[in-house]
Amino acid sequence: MEMDIDGACKPKDEEGKAKGKPIVAILVGAPGSGKSTFCENVMLASSRPWVRVCQDTINNGKSGTKPQCLKSAAASLKEGKSVFIDRCNLDKEQRVDFVNLGGPEVEVHAVVLDLPAKLSVSRIVKRTGHEGNLQGGKAAAVVNRMLQNKELPKLSEGFSRITFCRNETDVDAAIKTYTAVGPLDTLPHGCFGQKDPNAKTQLGIMRFLKRPHETNTRDSVPSQLTEDKGPCGKTQETVSSSSGMASQKIKVSEDMAPGSISQDESDIPTLAFPSISTADFQFDLEKASDVIVGKVEEFMDKLGNARLVLVDLTERSKILSLVRAKAAEKKIDSKRFFTFIGDICQLYTKGGLCCNVIANAANWRLKPGGGGVNAAIFNAAGPALEAATKEQARSLLPGNALVVPLPSTSPLYSKEGVTHVIHVLGPNMNPRRPNCLDNDYVNGCKVLGDAYSSLFKGFLSIANTQVKVPRSSGSILSGPSKLEDEISGTKTKMWAPCLQALYNIAMQPEKHSKQVLEASDDVVVLNDIYPKAKQHLLVLARIKGLDTLADARKEHLPLLMTMHEVGLRWVDKFVGEDASLVFRLGYHSVPSMRQLHLHVISQDFDSKHLKHKKHWNSFTTAFFRDSVDVIEEINNQGKATIQDEKRLMPMELRCHRCRSAHPNIPRLKSHISSCQAPYPADLQKKGRLVPEQTNSGCDP
């Protein structure tokens, strides 16, 4: 018998020739653990025919379903190819169907990328252009939820081999092992690298997102949950308002409909509200949960695509548990109503949850103070909320709510994206507080129901006047959240805070002197923080209201021409330093950041930051609008043509010069580093390439 690379015997066919079995290698790991990179590295160097089945791209380059993955994997195995299953596969239920693809002629392996949570989170927060649109702070919250339900694979599930990788050194070793497995080789069976067979979930990873200077602030104090005896001796739930941790206790299933996670949640009107009257006002939790679920069910048909989120500070919250269970019994849509654990004042920055409206469990005087949610919201919103509230009313009766537009000067607006606070006052069962109902729950439930009705009606009045600006994509990456508010008869655009960086630099370049290369009354020039080529500049327009290419009109032509001229001047400088460089100047049809900006990018695309299909296609397809074409279109038609992102971003990877197709980014980058084909004829016209190119050149 022949031996394989690890000493295992090679099976032989009837003629005595060595024959290796196809392998189904199921990748197990959270987003950011490096599953896709693992696959690409092995496939790039292995002599064994591998196929990567990725749910993020299975549907013609778009997010698909588990059945599609199973069908694709089965077809590849039938052709004698080995398959990487690139999904999270973090629990047994998600793995079982892929394990069942195995049989006498197929080996089933698991490669577990159980890296430190801190590493995964740091990667996912920084990355851009992810195939499944899972990135940034919101994605970090998703990672947190997924890891809380993790089940490490066991041989008893049907695996013949499991490799555990606890650090990057382990990952490199596993890559080498699978790269060395040739078409006729097999690997030994068993578990490799597992140090703790009873390893549990890595909890609390959101703390790694905390800024260093916040270590000793109020937000780092753990949440407290105590049980106090109410006036009737019943156990009541009192929650401290000092927690900043957020971890939504909803199990994230990979079997959700395509795009259910990657949808741009900042475009969805969302109300976050605490449980009214159950803390300081000591309302019975069972009765309160019945009222909440009943009122949510009543308003479900009126919500449209809007969402309601019940928020509490602690994972041990009884009211959240009761509401979750009762909502599930009534089969209320969990995408439009769910519970969330976190500080209602920091849902976006700490938990990645975009909520444009939050509810305040107020006191009758609508004043700050008193502790709990009321004090926390007034403190977080600053004096602007108190002043805005006084303009609306001075007091509030139980069962009523008051909608208060939040001034843009409020930190809740600028940091959390909250446009409105709705004050709501419920019934009181605490004899130490005004208007105590003395356990009259008949009247109390009516007042509490009225309070939630008033709250939800107030939210719907906001949601119905916030019109989403049409966009070509609904993904996290497709561009910023843009809602047009019709408040006080004026229209303003609200963008998610994380997408405001370019706007802030354009408006106040003096505060960003280390980043700014050039500033004038019209434009600001800076390097792209994640350049996709040797030279990659951004020329920002310094005018408010010109957020995207879709906003540009004839009156902006002088500014667009100035931006183009500034870009050309920088191209002259770069070409003077390196005559081999060729540039394009243009705009993304749908930008990823607020404030119109012109890309000045060299066509070598030699950059470690060019990692994903979206990176490539955003600069090499019709999605990238050349500046000369934009100026001509606006001059002739009054506006620029906006190309369809959903159609263009999933397109196959093609060389921007010879147009040859390539299976992945590493192979594409290897090709373009040596391709000398002339640029396509359409790019060689109208000055789209700078310096202008001729048709001379060698074939690739």
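For the structure, see preceding data.
Notes on the structure follow. Going along each chain's sequence as written, the residues are numbered from 1 onward. pLDDT decides what is reported in this predicted model: residues at 70 or higher carry local features, side-chain atom pairs at 80 or more are listed and counted, and totals for whole chains, interfaces and linings draw on all residues regardless. Hydrogens and waters are ignored; side-chain quantities use all the structure's heavy atoms.

A short note on the overall build of the protein chain
Each helix corresponds to a stretch of at least 4 residues labelled H or I by DSSP, and each strand to a stretch of at least 2 residues labelled E; elements are numbered beginning at the N terminus. Looking only at helices and strands, the protein chain has 19 helices and 25 strands in total. The buried label applies to any residue whose accessible area, calculated with a 1.4 Å probe on protein chains only, is under 20% of its type's maximum; exposed applies above 50%, and partly exposed to all values in between. Of all 700 residues assigned to the protein chain, the portion counted as buried reaches 54%. In this description, contact between two residues means that some pair of their heavy atoms is separated by no more than 4.5 Å. Taking the intrachain contacts of the protein chain between residues at least 6 apart in sequence as the baseline, contacts between residues at least 24 apart amount to 70%. Per-residue and other accessible areas were derived by the Shrake-Rupley procedure at a 1.4 Å probe size, with only the shown protein chains allowed to occlude residues. Accessible surface computed for the protein chain: about 30,600 Å², of which carbon and sulfur atoms make up 51%.

Digging into the sheet that holds strand β22 (residues 597-602)
As summarised here, the arrangement of the six strands in space is β18-β19-β20-β22-β21-β23, forming an open sheet in which the pairing is antiparallel. The sheet terminates laterally at β18 (516-519) and β23 (624-626), the two strands that pair on one side only. When strand polarity is set aside, the average angle formed by the axes of neighbouring strands in this sheet is 30°. Two elements, strand β20 (residues 536-541) and β22, share five bridges in a ladder whose sense is antiparallel. Looking at β22, one finds that His536 is bridged to Ile601. Those strands touched by helix α16 (residues 613-620) are β20, β21 (583-588), β22 and β23, and its axis lies near 105° from that of β21. At least two DSSP bridges between two strands are required for those strands to pair. Between N-to-C directions, angles span 0 to 180 degrees; the directions come from axes that are lines fitted to C-alpha atoms, helices contributing only their stretch in contact.

A short note on the packing of aromatic side chains
Two aromatic rings, taken as a pair, are described by how far apart their centres are and by the angle between their planes. Only centres within 6.5 Å qualify two rings of Phe, Tyr or Trp (six-membered ring in Trp) as a pair; their planes then separate them into stacked at under 30 degrees, edge-to-face at over 60, and tilted for everything else. Inspection of every chain in the model, using the stated rule, returns 13 aromatic pairs. Seen from their ring centres, Trp570 and Phe574 are 5.9 Å apart, and the 45° between their planes marks the pair as tilted. Within this pair, Trp570 and its partner Phe574 are both found in helix α15 (residues 557-577), separated by four residues, close to a single helical turn. Classification of Phe574 by relative accessible area gives buried; the value is 5%. Taken together, a centroid distance of 5.6 Å and an interplanar angle of 45° make the contact between Phe619 and Phe624 tilted.

Quick word on the side chain of Asp528
Residue position: Asp528 is located in the loop between β19 (523-527) and β20. There is a polar contact of 2.8 Å between the side chain of Asp528 and the backbone nitrogen of Tyr530. Here Asp528 is in contact with His536, Leu537, Leu538 and His599, once residues within four sequence places are set aside. Any pair of nitrogen or oxygen atoms within 3.5 Å is treated as a polar contact; in protein, a donor-acceptor pairing is required on top of that, and neighbouring residues in sequence qualify only through side-chain atoms on both sides.

Examining the nonpolar core
One recurring pattern in soluble globular proteins: nonpolar side chains tend to sit buried together. Residues grouped as a nonpolar core are buried Ala, Val, Leu, Ile, Met, Phe, Trp, Tyr and Cys residues, joined through side-chain atoms within 4.5 Å. Within the largest apolar cluster, 38 residues are counted, with the highest numbers of intra-cluster contacts made by Phe273 and Phe337. Elements that contribute at least two residues to this core include exactly β9 (270-273), α7 (285-299), β10 (307-312), α8 (318-329), β11 (337-341), β12 (357-361), β14 (420-425) and α13 (441-463). With nine residues, α13 is the single largest residue contributor to this core. Residues in contact with Phe273, not counting those within four places in the same chain, are Ile292, Leu308, Val309, Leu310, Val311, Phe337, Ile344, Ala359, Tyr452, Leu455 and Phe456.

A look at the side chain of Arg166
Along the chain, Arg166 falls in the loop between β5 (161-165) and α6 (168-179). In terms of polar contacts, Arg166 uses its side chain to reach the side chain of Asp114, at 2.3 Å.

Let's talk about the environment of Thr562
Mapped onto the fold, Thr562 is located in helix α15. For Thr562, a relative accessible area of 24% gives the class partly exposed. Through-space distance from the C-alpha of Thr562 to that of Asp522 is 7.8 Å; in sequence the pair is 40 residues apart. Excluding residues within four positions of it along the chain, Thr562 makes contact with Asp522 and Val523.

Let's talk about the pattern of salt bridges
In what follows, salt bridge is the name for a side-chain nitrogen of Lys or Arg lying within 4 Å of a carboxyl oxygen of Asp or Glu. With the rule as written, the count across this model stands at 21 salt bridges. Residues Lys330 and Glu297 are paired through a salt bridge, measuring 3.6 Å at the closest nitrogen-oxygen approach. Pair noted here: Lys330 is in the loop between α8 and β11 and Glu297 is in helix α7, with a separation of 33 residues, a long-range link. Using a relative accessible area of 43% as the deciding quantity, one classes Lys330 as partly exposed. The exposure class assigned to Glu297 is partly exposed, which follows from its relative accessible area of 38%. Between Lys573 and Glu577 there is a salt bridge; the shortest N-O distance is 2.9 Å. Of this pair, Lys573 and Glu577 are both found in helix α15, four residues apart, which corresponds to roughly one turn of the helix. Residue classification places Glu577 among the exposed residues on the basis of a relative accessible area of 56%. Among the charged side chains, a network of salt bridges with common partners joins Asp114, Lys150 and Arg166.

Some details on the pairing of β5
Of all five residues that make up β5, five are buried, and the element is covered over most of its length. One ladder, built from five bridges, connects strand β4 (residues 107-113) with β5; its direction is parallel. Of the residues in β5, the one forming a bridge with Leu113 is Cys165. Looking at chain direction, β5 and strand β6 (residues 190-192) are connected through three bridges and run parallel. Its bridge partner lying in β6, Thr163 is registered against Phe192.

Regarding the sheet that holds β12
Strand order in the open sheet formed by six strands is β11-β10-β9-β12-β14-β13, and the pairing between neighbours is mixed. Each edge of the sheet is formed by a strand with only one pairing partner; in this case those strands are β11 and β13 (400-405). Strand-to-strand twist across the sheet, computed as the mean angle between neighbouring axes with direction ignored, equals 25°. Note: β13 against β14, six bridges, orientation antiparallel. Across the sheet, the residue bridging to Leu402 is His423, located in β14. Helix-sheet contacts for helix α10 (residues 372-381) involve β12 and β14, and the interaxial angle to β12 is about 130°. Contacts from helix α11 (residues 383-392) reach β13 and β14 within the one sheet, and its direction differs from that of β13 by about 120°.

Focus: the packing of α15 against helix α17 (residues 627-637)
At a minimum axis separation of 10 Å, α15 and α17 run at an interaxial angle of 165°. Accordingly, the angle class assigned to the pair α15 and α17 is roughly antiparallel. Relative to α17, the crossing made by α15 is left-handed. Of the residues in α17, those in contact with Leu557, Leu560, Met561 and His564 of α15 are Ser627, Val628, Val630, Ile631, Ile634 and Asn635. Each residue is assigned to one of three groups, with Ala, Val, Leu, Ile, Met, Phe, Trp, Tyr, Cys and Pro labelled nonpolar, Asp, Glu, Lys and Arg labelled charged, and all others, Gly among them, labelled polar. Class assignment of the residues belonging to the contact of α15 with α17 gives a composition of seven nonpolar, three polar and no charged. Roughly parallel means an angle under 35 degrees; roughly antiparallel, over 145; roughly perpendicular, 65 to 115; everything else is oblique. Left-handed is the label given to a crossing in which the near helix is rotated counterclockwise from the far helix by less than a right angle, and right-handed is the label when the rotation is clockwise.

Observations concerning unusual backbone geometry
Cis geometry marks the peptide bond from Val690 to Pro691; its omega dihedral reads -10°. Take Pro691: it is sitting in the segment after α19 (665-672). A positive phi angle, near 50°, is found at Phe605, a position not held by glycine. Checked against the element boundaries, Phe605 lands in the loop between β22 and α16.

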